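Per-entry structural report
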Amino acid sequence: MKICHYNNRQAGVVVGDKVVNFGDNLIKAKLARQGYTMLEIIDALANNPAAMQIARDATQSSSGGIDLNSVKLLAPIPRPGAIYCAGSNYADHALEMSRLHNRPVEPDPHTQGLKPWHFIKSSQSVAAPGDTIDITSASKTMDWEVELAAVIGRPAKNVSIEKALDYVAGYTICNDLSARDMGRRPHISDTSPFKPDWTSHKSFDGS
């Protein structure tokens, strides 16, 4: 099922080249309030079988749907509570960065029994599909990486690997922009723990 967020904060299901609105039907069924957010839609789908049935019904037919090309797609979750990004999670990218900085290739941390490490992007970094991002004022060496994003659909903490997917509501695409020339603070010793600047590097508007 492909859920989208479009136009004036409406929720829909993509069926072929059509978008079928189902957020209004959830409101009529009192499964989401007026002025709903996508997080409330996800909560309704996760916790109410009737809401899921409404969404499934929408996928059966594009009747009453509107042309996908005629809508303005919004970010699936415009203001997420947090965006956790797993660092160095692709072997090819880790190799690329080692070459770029003329460093020896480090062993895969998974083979050493190490836990993954993460950085955080702010909710201000979220952009909608097709948005124009002003990168020239932020950086002269902008990098981009296509990522798979997992949307966590219910509160989770200290979840085991075996149960992790029970908390995933769905998946979307993320374009992780990085201001490479802002990743390391100038005039700071290379050995200083304060040399890296992950905020400027990774969490600017639209990143």
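Thresholds applied
- Residues numbered from 1 in each chain as written.
- Predicted model: local features only at pLDDT ≥ 70, side-chain atom pairs only at ≥ 80, totals over all residues.
- Heavy atoms only, no water.
- 1 Å grid on protein atoms, 1.4 Å probe; cavity = no way out; pocket = protein on both sides within 12 Å on 5 of 7 lines; lining within 4 Å.
- Points joined across faces, edges and corners; volume = space filled by probe spheres on them.
- Helix = DSSP H or I, 4+ residues; strand = E, 2+ residues; numbered from the N terminus.
- Nonpolar A, V, L, I, M, F, W, Y, C, P; charged D, E, K, R; others polar.
- Pairing = 2+ DSSP bridges.
- Axes fitted to C-alpha atoms, helices over the stretch in contact; angles between N-to-C directions.
- Parallel < 35°, antiparallel > 145°, perpendicular 65-115°, else oblique.
- Contact = heavy atoms within 4.5 Å.
- Patch = residues over 30% accessible without salt bridge, like charges linked within 9 Å, V, L, I, M, F, W, Y side chains within 5 Å.
- Areas by Shrake-Rupley, 256 points an atom, 1.4 Å probe, with all protein chains shown as cover.
- Salt bridge = Lys/Arg side-chain N within 4 Å of Asp/Glu carboxyl O.
- Buried < 20%, exposed > 50% of the residue type's maximum accessible area, 1.4 Å probe, protein only.
- Arc of directions from axis to C-beta.
- Polar contact = N/O pair within 3.5 Å; in protein donor to acceptor, adjacent residues only side chain to side chain.
- Phe/Tyr/Trp six-rings, centres within 6.5 Å; stacked < 30°, edge-to-face > 60°.

1. Section: the layout of surface pockets
Roughly 980 Å³ of internal volume is contained in the second largest pocket. What lines the second largest pocket is a set of 35 residues, among which Ser88, Ala94, Met97, Arg103 and Trp117 lie closest to the centre. Counting only elements with at least two residues in the lining of the second largest pocket, the list comes to α4 (91–100), β7 (142–152) and α5 (198–202). Per-element accounting of the lining of the second largest pocket gives the leading share, seven residues, to α4. Class assignment for the residues of the lining of the second largest pocket results in 16 nonpolar, nine polar and ten charged.

2. A word on the pairing of strand β3 (residues 18–21)
Summarising the sheet, strand β2 (residues 10–15) and β3 pair through four bridges and their orientation is antiparallel. Directly across from Gly12, in β3, lies its bridge partner Asn21. Joining the antiparallel neighbours β2 and β3 is a turn of two residues, in which Gly16 adopts a positive phi near 65°. Sheet topology places β3 next to strand β4 (residues 66–67); two bridges connect them, and they run antiparallel. When the bridges of β4 are listed, Val19 appears paired with Ile66.

3. Points about the packing of helix α2 (residues 38–47) against helix α3 (residues 49–59)
Contact geometry of α2 with α3 gives a least axis separation of 5 Å together with a crossing angle of 105°. It follows that α2 is roughly perpendicular to α3 by the angle criterion. Note on element contacts: α3 touches α2 through Pro49, Ala51, Met52 and Ala55, opposite Ala44, Leu45 and Asn47. Counted by class, the contact of α2 with α3 contains six nonpolar, one polar and no charged residues.

4. A word on a nonpolar patch on the surface
A contiguous nonpolar surface patch, about 480 Å² in accessible area, is contributed by Tyr90, Leu148, Leu165 and Tyr171. With respect to the element layout, Leu148 can be found in strand β7.

5. Thoughts on the pattern of salt bridges
Counted by the stated rule, this structure contains eight salt bridges. Measuring nitrogen to oxygen at the nearest pair gives 3.3 Å for the salt bridge that ties Glu145 to Arg180. Here Glu145, found in strand β7, pairs with Arg180, found in the loop between β8 (168–179) and α5; they are 35 residues apart in sequence, far enough to count as distant. Overall, Arg180 belongs to the partly exposed group, its relative accessible area being 21%. Measuring nitrogen to oxygen at the nearest pair gives 3.6 Å for the salt bridge that ties Asp190 to Lys195. Residue classification places Asp190 among the exposed positions, given a relative accessible area of 59%. Taken together, the salt bridges that share partners define one network made up of Lys121, Asp143, Glu145, Asp176, Arg180 and Lys202.

6. A short note on the sheet that holds β4
If you walk across this open sheet you meet the four strands as β1-β2-β3-β4, and the pairing is antiparallel. Looking at which strands have only one partner, the edges of the open sheet turn out to be β1 (3–6) and β4. In the packing of α3 onto the sheet, the strands contacted are β2 and β3, and the crossing angle to β2 comes to about 45°.

7. Some points on α3
Within α3, the full set of buried residues consists of Ala51, Ile54, Ala55 and Ala58. The buried residues of α3 occupy an angular sector of 95° when projected down its axis, which confines them to one face. Here α3 starts with a cap whose side-chain oxygen sits 3.0 Å from the backbone nitrogen of Ala50, and that cap is Asn48.

8. Focus: the packing of aromatic side chains
In this structure the tally under the stated criterion is three aromatic pairs. Arranged with centres 6.4 Å apart and planes meeting at 50°, the rings of Trp117 and Phe119 form a pair that is tilted. A relative accessible area of 40% places Trp117 in the partly exposed class. We classify Phe119 as buried; its relative accessible area is 9%. Seen in terms of ring centroids, Phe119 and Trp198 are 5.2 Å apart; in terms of plane orientation they differ by 25°. Their pairing is stacked. Here Phe119, found in strand β6 (residues 118–121), pairs with Trp198, found in helix α5; they are 79 residues apart in sequence, far enough to count as distant.

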